[in-house]
Amino acid sequence: MRSTAVYLSLLLFAVPSAVRAADIAPVIAPQPKVEDPDRWTFSFSPYFWAAGITGDTAVFGLPEVYTDQSFGDILQDIDFGFMMAGEARYGPYSIVGDMTYARITTDSATPRGVLADEVDLKSETFTAMLGIGYTVLEDEKGRLDVIGGIKLWSVETTISFGGGPLGGVSNRDDATWVDAMAGIRGVYSITPTIYLTGWGLIGAGGADLDWDVMGGVGYKWNDTVSAFLGYRALGVNYSNDTLTNDIVEHGPIMGVVLHF
């Protein structure tokens, strides 16, 4: 049977980080629509990312453990979460943003029940990306933007013991950091309704390394609504005195883009 330390390490950080959409999605998938250079246009995109996670994690100063969990393993502990992104564009200039939040609650009986009968866990993860883009290549079929911005990460985990000598004892481990990010995103129309889209970003700051890539295909229903389906992977390597998060998240991503 796994030790309590290993079990907690897997749940406390691997679970919430896979739900970010952080990561998680720093920019929405752009649409193959010719923009009016004389007015602002706006896009809003709720999306869903079915990500699994692999890598090394640790919390509360416990030893690092290797995590390898599928999205199905993670989904059962999700309490609440949302993922949304948006863009404002004026000619070749754009402002992009992304915000994600996830709350995880779970409990487990201790292996032997000597110090406590039960361990309750609550973890909250918030990420936000704000960036500025500029179009460097554009024609009637596609567009390529360069992007620079910042990404905020905030993670808070609370552990509470019930029963036994540690009954009523609780502790909290949290971390907040900011990374500078830069990269590209693009879109290319195959037909008037079908298009390819993707992005690639890399950066650092509070984390030693922070990267995010996505590639997918979209379908334009009309001038207002389109949808996309693709595959996304991101990695982050962050550590402090008590917490380590050196992981890669990857899996299918899908979303709807509302343009107005």
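Residues numbered from 1 in each chain as written. Predicted model: local features only at pLDDT ≥ 70, side-chain atom pairs only at ≥ 80, totals over all residues. Heavy atoms only, no water.

1. Quick notes on the overall build of the protein
Then, in step 1: Along the protein, the regular secondary structure elements total 2 helices and 12 strands.
Then, in step 2: Counting from the amino terminus, the protein carries its helices and strands in the arrangement α-β-β-β-α-β-β-β-β-β-β-β-β-β.
Then, in step 3: For the protein, with 260 residues in total, the buried portion stands at 48%.
Then, in step 4: For the protein, the accessible surface area stands at approximately 11600 Å², while carbon and sulfur atoms represent 61% of it. (Helix = DSSP H or I, 4+ residues; strand = E, 2+ residues; numbered from the N terminus. Buried < 20%, exposed > 50% of the residue type's maximum accessible area, 1.4 Å probe, protein only. Areas by Shrake-Rupley, 256 points an atom, 1.4 Å probe, with all protein chains shown as cover.)

2. A short note on the pairing of strand E1 (residues 41–49)
Consecutive residues of a regular strand have side chains that alternate between opposite faces of the sheet.
Then, in step 1: Because side chains alternate across E1, one face comprises the buried residues Thr41, Ser43, Ser45, Tyr47 and Trp49, and the other comprises Phe42, Phe44, Pro46 and Phe48, none of which is buried.
Then, in step 2: Bridge analysis of E1 against strand E12 (residues 244–259) gives 5 bridges, and the strand direction is antiparallel. Bridging across to E12, Phe44 finds its partner in Leu258. (Pairing = 2+ DSSP bridges.)

3. Description of the side chain of Ser226
Then, in step 1: Inspection of the secondary structure assignment puts Ser226 in strand E11 (residues 225–239).
Then, in step 2: Accessibility expressed as a relative area gives 0% for Ser226, which makes it buried.
Then, in step 3: Side chain to side chain, Ser226 and Tyr195 meet in a polar contact 3.3 Å long. (Polar contact = N/O pair within 3.5 Å; in protein donor to acceptor, adjacent residues only side chain to side chain.)

4. Some details on the nonpolar core
Then, in step 1: With 13 residues, the main nonpolar core has Tyr47, Trp49, Met83, Tyr195, Met214, Phe228 and Ile253 as its most contacted residues.
Then, in step 2: Of all elements in the fold, only E1, strand E4 (78–90), strand E9 (194–205), E11 and E12 reach the threshold of two or more residues within this core.
Then, in step 3: One finds Val59, Ala207, Val236 and Leu243 within the second-largest nonpolar core, a separate group that totals 10 residues. (Core = buried A, V, L, I, M, F, W, Y, C linked by side-chain atoms within 4.5 Å.)

5. With respect to the pattern of salt bridges
Then, in step 1: Enumeration according to the criterion identifies 8 salt bridges in this entry.
Then, in step 2: A salt bridge links Glu87 to Arg89; the shortest N-O distance between them is 3.4 Å.
Then, in step 3: A residue is classified by how much of its surface remains accessible, and Arg89, at 1% relative accessible area, is buried.
Then, in step 4: The salt bridge involving Lys151 is made with Asp210; its shortest N-O contact spans 2.8 Å. (Salt bridge = Lys/Arg side-chain N within 4 Å of Asp/Glu carboxyl O.)

6. Topic: the environment of Tyr66
Then, in step 1: Within the element layout of this structure, Tyr66 appears in strand E3 (residues 65–69).
Then, in step 2: Put simply, Tyr66 and Asp56 are 10 residues apart on the chain and 4.5 Å apart in space, counted from C-alpha to C-alpha.

7. Brief notes about the environment of Val257
Then, in step 1: When you line up the elements, Val257 lands in strand E12.
Then, in step 2: Residue classification places Val257 among the buried residues on the basis of a relative accessible area of 0%.
Then, in step 3: It is 5.8 Å that separates the C-alpha atoms of Val257 and Val225, two residues lying 32 residues apart in sequence.

8. Description of the packing of aromatic side chains
Then, in step 1: The final tally for this structure, using the stated rule, is 7 aromatic pairs.
Then, in step 2: Seen from their ring centres, Phe42 and Phe260 are 6.0 Å apart, and the 25° between their planes marks the pair as stacked. Of this pair, Phe42 sits in strand E1 while Phe260 is found in the segment after E12, placing the two residues 218 residues apart along the sequence.
Then, in step 3: Residue class for Phe42 comes out partly exposed when judged on its relative accessible area of 36%.
Then, in step 4: Given the relative accessible area of 55%, Phe260 is considered exposed.
Then, in step 5: In this structure an aromatic cluster arises from ring pairing among Trp40, Phe42, Tyr90 and Phe260.
Then, in step 6: Above the ring of Trp49, the side-chain terminus of Arg232 is found at 4.3 Å from the ring centroid. (Phe/Tyr/Trp six-rings, centres within 6.5 Å; stacked < 30°, edge-to-face > 60°. Lys NZ or Arg CZ within 6 Å of the ring centre and 35° of its normal.)

9. A word on the confidence of the model for the protein
Then, in step 1: Predicted confidence across the protein gives a mean pLDDT of 76, with 70% of residues reaching 70 or more.
Then, in step 2: Per-element mean pLDDT across the protein ranges from 35 in helix H1 (residues 4–19) up to 93 in E9.
Then, in step 3: Note that residues 1–30 has pLDDT below 50 and, in this model, 132 contacts with residues that lie over four places away or in other chains. (pLDDT = per-residue confidence, 0-100. Contact = heavy atoms within 4.5 Å.)

10. With respect to the pairing of E11
Then, in step 1: Two elements, strand E10 (residues 209–220) and E11, share 12 bridges in a ladder whose sense is antiparallel. Counted as the bridge partner of Val213 is Ala233 from E11.
Then, in step 2: Between the end of E10 and the start of E11, which pair antiparallel, lie 4 residues.
Then, in step 3: Relative to E12, E11 runs antiparallel, the two sharing 15 bridges. Paired with Val236 across the bridge in E12 is Ile247.
Then, in step 4: A loop of 4 residues connects E11 with E12, the two strands running antiparallel in sequence.

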